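Coordinate inspection notes
Here's the letter readout for the chains.
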Amino acid sequence: MKPLLGLPVFSGRLHDARTATAIGRPLGLAVAVCFLTGIVSHVLQRPPGLAADVLPSRPAWGYRFTQGLHVASGIAAIPLLLAKLWTVYPRLFARPPVRSVRHALERLSVAVLVAAALFELFTGLLNTFQWYPWPFSFVPAHYAVAWLLTGALLLHLAVKAPGIRAHWRRRSAGTLALPAEDEPDRRSLLLGVTAAVGAVTLTTVGQSLTPLKRFDLFAARHPDHGPQGLPVNRTAAAAGVAGLVAADWRLTVSGPRPYELTLEELRAMPQHEVTLPIACVEGWSASARWTGVRVRDLLERAGAGADAGVRVVSLQRRGAYRVTEMGRTYAHDPLTLLALRLGGEVLSPDHGFPARVIAPNRPGVLQTKWVGRLEVL
Ligand SMILES: Nc1nc2c(c(=O)[nH]1)N[C@H]1C(S)=C(S)[C@@H](COP(=O)(O)O)O[C@H]1N2
Ligand SMILES: [Mo]
């Protein structure tokens, strides 16, 4: 890069369309996977309208898989995006800056694309650490910008289609006039980017892909670290429910035939054991053995019909996940428990003592802890 009349001139190689296409391919794939799994996450977390009752509660590992993939593809996209930006940044200095209306619109759409991509990956990464150094709320902003990013990306692919087609295959036609001596350098660059993607993936994916958990160095959570060998997002102390006295606790169930149960009475009901994961939206997940009473048994006892959903109210006084709802499919799934035990032991306070919800194919944020009331819907 030599300054010429104050403007940089790029004589460096690898800032060409062929490199941009080679990196754009896996980047586009990562963004597509991230977008689709993100939609799944959003719908499961905040079901639109009537969707709540038709969302499937199976496969039990579904959300664990899609959300693990969401966070892993987002993390993999970070080195890919950085490499892509490095490849194309000389175009920032293109002269003249605007050649035509079409060119101006194209540059504007690339600006939106880059800004949206940086926003999504940055906010997503910080969210995995539950760090929110911004004034807006994460979920709606991250969701809205995902659509912006996808729109801008589709537009970008359409505009660049001829170039992408020309450079897609390993050996493009000789007419492209790209110097062949760049190939070894390009291979080195792509190898480096591949190594970077491999490294960030290997050192974080163990947070949900438990066979690789011993390589989990940089993720916010380790699937084994926490009380009773399971991570905790909000402790009992943080939720303000640390002083709970079991003898005073009651489960209140409202519905056509409302009733109350003490902990002893709940323990006297038929107990079931299930192995289900907690899959946090922030990317960690871990499977555990839960024992407790089927939610559907509790609802039937309250006179609920077969199509009833349930609202779960925590004893926690404040916080976004104090009150959650589950539709019919979840409420009546035999795997859905009001769990009293974890791994054979009584739930620890941080895991929701005396009772917490555990249901299949469901975001962790909806697995309500410190349950005090069930309301038949
Ligand atoms: N009442 C209540 N329940 C809650 C939460 C909470 O903040 N309050 N956090 C949820 C989140 S974000 C997750 S991922 C799981 C974590 O489960 P664990 O802390 O029991 O491992 O609990 C969920 N249940
Ligand atoms: Mo979570």
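Predicted model only: the values in this text are computed from it and were never measured.

Secondary structure summary: the protein contains 9 helices and 12 strands in total. Each of the three principal axes of the protein carries a C-alpha extent, and together these read 80 × 40 × 35 Å. Taking all 377 residues of the protein together, 45% fall into the buried category. In the protein, the share of contacts with a sequence separation of at least 24, taken over all contacts with a separation of at least 6, comes to 68%.

Quick look at the nonpolar core now. By size, the foremost hydrophobic cluster in this structure holds 51 residues, and its most contacted members are L251, L266, W290, L298, V310, L338 and L374. With residues near it in sequence (within four places) discarded, L338 still touches L251, L266, G292, V293, V295, L298, A355, R356, V357 and V371. Judged by nonpolar contacts, the second largest core, of 19 residues, contains L27, L81, A152 and V193.

The next point concerns the site of ligand 1. Taken together, 18 residues lie near ligand 1, and P231, Q316, H351, R356 and K369 sit nearest. Within the complex, 97% of the 520 Å² of free accessible area of ligand 1 lies under protein. Per-class residue counts for the shell around ligand 1 are 8 nonpolar, 7 polar and 3 charged.

Looking now at the sheet that holds strand β7 (residues 310-314). Read across the sheet, 5 strands follow the order β4-β3-β12-β7-β8 without closing on themselves; strand pairing throughout is mixed. One side of each edge strand has no neighbouring strand; the edge strands of this open sheet are β4 (259-261) and β8 (323-326). Pairwise comparison of adjacent strand axes, ignoring direction, gives a mean angle of 20 degrees for this sheet.

Next up on the list: the packing of helix α3 (residues 101-128) against helix α4 (residues 138-168). Following both chains from N to C, one finds α3 and α4 inclined at 140 degrees, their axes separated by 8 Å at the closest point. The chirality of how α3 crosses α4 is left-handed. Here the contact of α3 with α4 is built from residues that sort into 16 nonpolar, 6 polar and 4 charged.

Turning next to helix α1 (residues 17-45). For α1, which comprises 29 residues, the first-to-last C-alpha distance of 40 Å matches the rise-based estimate of 42 Å (1.5 Å per residue) to within 8%. Of all the bends in α1, the greatest reaches close to 30 degrees and is centred on G24; the proline P26 follows between one and four positions later.

Turning our eyes to something else, we now look at the side chain of Q207. Secondary-structure assignment places Q207 in the loop between α5 (183-202) and α6 (236-239). A polar atom in the side chain of Q207 sits 3.5 Å from the backbone nitrogen of W284. Not counting chain neighbours up to four residues away, the residues in contact with Q207 comprise V71, I75, D216, A219, R221, P223, E282, G283, W284 and S285.

The topology assignment puts E375 in strand β12 (residues 371-376). Polar side-chain contacts of E375 include one of 2.8 Å to the side chain of R311. In contact with E375, other than residues within four places in its own chain, are S254, G309, V310, R311 and V313.

Taken together, V101, L105, L108, V112 and L148 make up a surface patch of nonpolar side chains, about 470 Å² in accessible area. Sort the elements by how many residues they give to the nonpolar patch and α3 lands first, with 4 residues. Residue placement: V101 occurs in helix α3.

Below, the discussion takes up α4. The end-to-end C-alpha distance of α4 is 36 Å, clearly below the 45 Å that 31 residues give at a rise of 1.5 Å each. Most pronounced at A161, the bend in α4 amounts to some 70 degrees, and the proline P162 follows within four residues. Regarding α4, the residues found buried are F138, A141, H142, V145, A146, L149, T150, A152, L153, H156 and H167. Among the structural elements, α1, α2 (62-88) and α3 are those in contact with the buried residues of α4.

A few words on the packing of α1 against α5. Their axes nearest at 11 Å, the elements α1 and α5 cross at an angle of 25 degrees. Between α1 and α5, the interaxial angle falls into the category roughly parallel. The way α1 lies across α5 gives a crossing that is right-handed. Across the interface between the two elements, R18, T19, A22 and I23 from α1 touch E183, R186, L189 and L190 from α5. Here the contact of α1 with α5 is built from residues that sort into 4 nonpolar, 1 polar and 3 charged.

What follows is about the packing of aromatic side chains. A full pass over the atoms with the stated rule returns 8 aromatic pairs. On the numbers, 6.0 Å between centres and 75 degrees between planes, the contact of Y132 with W134 is edge-to-face. With relative accessibility at 13%, the residue W134 sits in the buried group. The interplanar angle of 50 degrees and the centroid separation of 6.3 Å between the aromatic rings of Y132 and F138 together place this pair among those described as tilted. A relative accessible area of 36% places Y132 in the partly exposed class. Here a set of aromatic residues connected by ring pairs shows up, and it is made of F119, Y132, W134, F136 and F138. A cation over an aromatic ring shows up here: R362 above the ring of Y330, its NZ or CZ 5.0 Å from the ring centre.

Calculation notes
Residues numbered from 1 in each chain as written. Chains lettered and ligands numbered in written order. Predicted model: local features only at pLDDT ≥ 70, side-chain atom pairs only at ≥ 80, totals over all residues. Heavy atoms only, no water. Helix = DSSP H or I, 4+ residues; strand = E, 2+ residues; numbered from the N terminus. Buried < 20%, exposed > 50% of the residue type's maximum accessible area, 1.4 Å probe, protein only. Contact = heavy atoms within 4.5 Å. Core = buried A, V, L, I, M, F, W, Y, C linked by side-chain atoms within 4.5 Å. Near = heavy atom within 4 Å. Areas by Shrake-Rupley, 256 points an atom, 1.4 Å probe, with all protein chains shown as cover. Nonpolar A, V, L, I, M, F, W, Y, C, P; charged D, E, K, R; others polar. Pairing = 2+ DSSP bridges. Axes fitted to C-alpha atoms, helices over the stretch in contact; angles between N-to-C directions. Left-handed = near helix turned anticlockwise from the far one by under 90°. Expected span 1.5 Å × (residues − 1). Bend = angle between axes of the 7 residues up to and from the residue. Polar contact = N/O pair within 3.5 Å; in protein donor to acceptor, adjacent residues only side chain to side chain. Patch = residues over 30% accessible without salt bridge, like charges linked within 9 Å, V, L, I, M, F, W, Y side chains within 5 Å. Salt bridge = Lys/Arg side-chain N within 4 Å of Asp/Glu carboxyl O. Parallel < 35°, antiparallel > 145°, perpendicular 65-115°, else oblique. Phe/Tyr/Trp six-rings, centres within 6.5 Å; stacked < 30°, edge-to-face > 60°. Lys NZ or Arg CZ within 6 Å of the ring centre and 35° of its normal.

In short, the description is geometric, and any link to function would need to be established separately.
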